[in-house]
Amino acid sequence: PGGDGNWLATGYGMRAIVHTLSIMKDRIPQDLQEDMRALIQREVDSIVDDWRTERPWFVRSDFPGTNQWVLPSAALLYGCLFLGDEKNRDAYELGVQNLARTCVSQGDDGSWREGLGYGLFSAEYLFWAGWALARVGDKRLLGFGFTSNFSDWVTHMAMPGGYCVNAFDCGAYRLSDRPPNSLLLAALLASDERPLWAVDHLFPRIPDSMLGLLFRFHMAKAGKTDVGPEPFAAYPSQQLLTWRSDWDDQT
């Protein structure tokens, strides 16, 4: 009764709509723009109500570490930023605090407790939100150990030959030849060169997408780097230790 609240599709839909409206701008008819703003406001109000009433199971359980908490929270921030109305200030702060709690719940080592498969797509939406916030000068989501070290965790999940550690968490036994969106976003937002190194060394192809174009522009300004992570790492939450003698697969 009353439904079970917003979920993953809210995050997918809101990001797609806001990106499209932001790119198209005035080429969209005025009446459609007004309808879309009204739709986005209804979604913002609905997400806020989910947390107020504790409608979804992950809000009732107070479980910020799950992917299902992240995507509606990212949608909330995207909606508030697009609308730009001061009346949504409290909703905006709720979104920031929700994702800040996600970062804290994951810990400082950059790993995602639900494994690589869930981690890559969940962190994508968290990093998209961080990217959108940073564009308006709000960098609160970028100062956590999780966001700083996420790229190192992804790097350490890669074994020689393109295979991945803990394949049951990956959804596949091999990594793609293209970097995941979450890693590209981490590279765009990082204050150091390690994510750039990870993309350059682990993945031979950059996707022909909006994000791929953003990354290519960023890489052209930053240049190539030889600054990579240590060849060993420990992730206690996943009971995992990784070690290799060298990052060069040919040695």
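This one's a predicted model, so the numbers in the text were calculated from it and none came from an experiment. (Residues numbered from 1 in each chain as written. Predicted model: local features only at pLDDT ≥ 70, side-chain atom pairs only at ≥ 80, totals over all residues. Heavy atoms only, no water.)

Chemist: Which parts of the structure should I look at to understand the overall build of the protein chain?
Modeler: Counting its regular elements, the protein chain contains 11 helices and 2 strands. For the protein chain, the α and β elements follow one another from N to C terminus as α-α-α-α-α-α-α-α-α-α-α-β-β. Its C-alpha atoms give the protein chain a radius of gyration of 19 Å, near enough to 18 Å, the size a compact globule of 251 residues would have. Along the first, second and third principal axes, the C-alpha set of the protein chain runs to 60 × 40 × 30 Å. (Helix = DSSP H or I, 4+ residues; strand = E, 2+ residues; numbered from the N terminus. Rg over C-alpha atoms; globule rule 2.2 N^0.38 Å.)

Chemist: Help me understand the pairing of strand 2 (residues 240–243), please; the structure alone is not making it clear to me.
Modeler: Side-chain positions along a regular strand alternate between the two faces of the sheet. Side chains L240 and T242 of strand 2 all project onto a buried face; the interleaved residues L241 and W243 project onto a face where none is buried. Two elements, strand 1 (residues 232–235) and strand 2, share 4 bridges in a ladder whose sense is antiparallel. What sits directly across from Y235, in strand 2, is L240. (Buried < 20%, exposed > 50% of the residue type's maximum accessible area, 1.4 Å probe, protein only. Pairing = 2+ DSSP bridges.)

Chemist: Looking at this structure, how should I read helix 5 (residues 89–106)?
Modeler: Owing to its 3.6 residues per turn, the α-helix aligns residues three or four sequence positions apart on the same side. Helix length check: helix 5 (18 residues) gives 26 Å between terminal C-alpha atoms against 26 Å at 1.5 Å per residue, within 8%. Every buried residue of helix 5 is accounted for by A91, Y92, G95, V96, N98, L99, A100, T102, C103 and Q106. In this structure, the buried side of helix 5 is in contact with helix 2 (30–53), helix 4 (67–83), helix 6 (116–134) and helix 7 (145–156). Downstream of helix 5 by one or two residues, G107 has phi in the positive range, about 95°. (Expected span 1.5 Å × (residues − 1). Contact = heavy atoms within 4.5 Å.)

Chemist: Any chance you could explain the side chain of N88 here in plain terms?
Modeler: Its place among the elements puts N88 in the loop between helix 4 and helix 5. According to the relative accessible area criterion, N88 is buried, its value standing at 5%. Among the polar contacts made by the side chain of N88, one reaches the side chain of Q41 at a distance of 3.0 Å. In this view, N88 contacts Q41, V44, C80 and L83; residues no more than four positions away in its chain are not counted. (Polar contact = N/O pair within 3.5 Å; in protein donor to acceptor, adjacent residues only side chain to side chain.)

Chemist: Honestly, the nonpolar core in this entry has me stumped. Any pointers?
Modeler: Considering soluble globular proteins, one finds that nonpolar side chains tend to be buried as a cluster. Grouped together as the largest cluster of nonpolar side chains are 68 residues, with contacts concentrated most on F150 and W153. The greatest single-element share of this core, amounting to 11 residues, is contributed by helix 6. Sequence-distant contacts of W153, that is, excluding residues within four places in its chain, are made with D109, G110, S111, W112, G115, L116, Y235 and Q238. (Core = buried A, V, L, I, M, F, W, Y, C linked by side-chain atoms within 4.5 Å.)

Chemist: Where do I start with the packing of aromatic side chains in this structure?
Modeler: Any two aromatic rings considered together are summarised by their centre-to-centre distance and by the angle between their planes. Tallying each qualifying case throughout the model produces 12 aromatic pairs. Here the aromatic rings of W128 and W131 are separated by 5.2 Å at their centres, their planes lie at 85°, and the arrangement is edge-to-face. Linking W128 with W131, this pair stays in helix 6, spanning 3 residues, or about one helical turn. For W131, a relative accessible area of 19% gives the class buried. (Phe/Tyr/Trp six-rings, centres within 6.5 Å; stacked < 30°, edge-to-face > 60°.)

Chemist: Whenever I open this one, unusual backbone geometry confuses me. Can you help?
Modeler: In terms of backbone geometry, most residues other than glycine have negative phi values and most peptide bonds are trans. Unusually for a residue other than glycine, K25 sits at a positive phi of about 50°. Inspection of the secondary structure assignment puts K25 in the loop between helix 1 (8–24) and helix 2. For K25, a relative accessible area of 55% gives the class exposed. Within the chain, E54 stands out as a residue other than glycine whose phi angle is a positive 55°.

From the geometry alone we can't say anything about function, so treat these as descriptive.
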